[in-house]
Amino acid sequence: MSPRPKALFAMSEEHLALLFPAPLLRRLDTLADIDVTLVAERFDDPRLPLADTEILLTGWGCPPLDEALLAAAPRLRAVLHAAGSVKSLVTPACWERGLLVSSAAAANAVPVAEYTVGMILLAGKGVFALSERYRRDRAFTLAKIEQSIGNNGRRVGVVGASRIGRKVLELLAPYDLDLCLYDPYTRVPGVPQASLEELLRSSDIVSLHAPATPETRHMLDRERLALMPDGAVLINTARGSLVDTDALVAELKSGRLSAILDVTEPEPLPSASPLFDLPNAFLTPHIAGSHGNELARMGAVVVDELERLTAGLPLAHPVNHDDLDRVA
């Protein structure tokens, strides 16, 4: 690889300025030969210098890197992805070529974990239910103690020691919470491990951070949701397919559980979904991940990875083919 390898952006052009603001573009220009005005949204664009491209800087909207693309880009050696999952992007042909693949998933984990921690603390304080009650009654009694709320010793169960799950546990560590974890593959030092059933039975708040795989589809079905104690809160910032929506709606309609959902199945929800009208369902439109100025954090990871490549160092955030079945 040359000292200044030929690089190419491949993503939706609308994201470029947020991912790579001017300071990052200036730094990028010192590391690679790249036309910062050229963004590949499809690979049949005749303007693209595919024959010379050594590194693709990819993001949301990048087409799959299929055999046709690899044939047109014989010098391609690395894919640096300025987003999270590469599953829809990297094809078997990429692994057969032996491409180096990097992802900014660790950077994208930060805002998801921050969102989750905020929701856990607000849920433990009873904010959502009490806000609805205040809105309905337009009054409250000063100095009345709400006996069922508070975060001192509240048990929080985290399902999945993914990057996000581990970051959530890290951010929650300073609080006076009772943490536990379910993950069949990974242990986190200092955090007690529990079976999924035990975690559901014992947790006041359950936060989902598992990947969407055939094994995890509807992992919270009717039977497992029924294990959660009365008054418990379910938080899902992972994938909607982890939860049986009909079963969750039934629990919410009963008033037994509450839910904070940034992701759903289907997504977006149909306008007639009962989730919109249930007072114990707090919905946000898939905003936990990187938005706005948070995208620059992912762009910075890509530029850091490019600097490592040009210096002959290993990638800091490699994606390995064997791990794809267990990650988002």
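Residues numbered from 1 in each chain as written. Predicted model: local features only at pLDDT ≥ 70, side-chain atom pairs only at ≥ 80, totals over all residues. Heavy atoms only, no water.

Under an unreviewed UniProt entry, the protein chain has the name Hydroxyacid dehydrogenase and belongs to Nonomuraea helvata. Note on the protein chain: under the UniProt heading Sequence similarities (unreviewed entry), the record states "Belongs to the D-isomer specific 2-hydroxyacid dehydrogenase family." (UniProt positions renumbered as here; feature names shortened; annotations may be inferred.)

(A) Here's a closer look at the sheet that holds strand S9 (residues 233–236). Across the sheet, which stays open at both edges, the 6 strands sit in the order S7-S6-S8-S9-S10-S11 with parallel pairing between neighbours. On the outer flanks of this sheet lie strand S7 (178–182) and strand S11 (281–283), each paired with one strand and no other. Across the sheet, the axes of successive neighbouring strands diverge by a mean angle of 15 degrees, strand direction being ignored. Where strand S8 (residues 205–208) and S9 come together, 4 bridges link them in parallel fashion. When the sheet's bridge partners are listed, Ile 205 is paired in S9 with Val 233. The strands that helix H7 (residues 163–172) touches are strand S6 (155–159) and S7; relative to S6, the one it contacts most, it runs at about 160 degrees. (Pairing = 2+ DSSP bridges. Helix = DSSP H or I, 4+ residues; strand = E, 2+ residues; numbered from the N terminus. Axes fitted to C-alpha atoms, helices over the stretch in contact; angles between N-to-C directions. Contact = heavy atoms within 4.5 Å.)

(B) Region of interest: the environment of Ala 78. Locating Ala 78 in the fold gives a position in strand S4 (residues 78–81). On the basis of relative accessibility, which here comes to 0%, the residue Ala 78 falls in the buried class. Along the chain, Ala 78 and Glu 215 lie 137 residues apart, while their C-alpha atoms are 31 Å from each other. Beyond its immediate chain neighbours, meaning those up to four positions away, Ala 78 contacts Glu 54, Ile 55, Leu 56, Leu 99, Leu 100 and Leu 309. (Buried < 20%, exposed > 50% of the residue type's maximum accessible area, 1.4 Å probe, protein only.)

(C) Structural detail: helix H11 (residues 295–310). Here H11 is 16 residues long and its end C-alpha atoms lie 23 Å apart, about the 22 Å a rise of 1.5 Å per residue gives. Every buried residue belonging to H11 is among Leu 295, Met 298, Gly 299, Val 301, Val 302, Val 303, Glu 305, Leu 306 and Leu 309, and all of these are buried. Downstream of H11 by a residue or two, Gly 312 has a phi angle that is positive, lying close to 80 degrees. (Expected span 1.5 Å × (residues − 1).)

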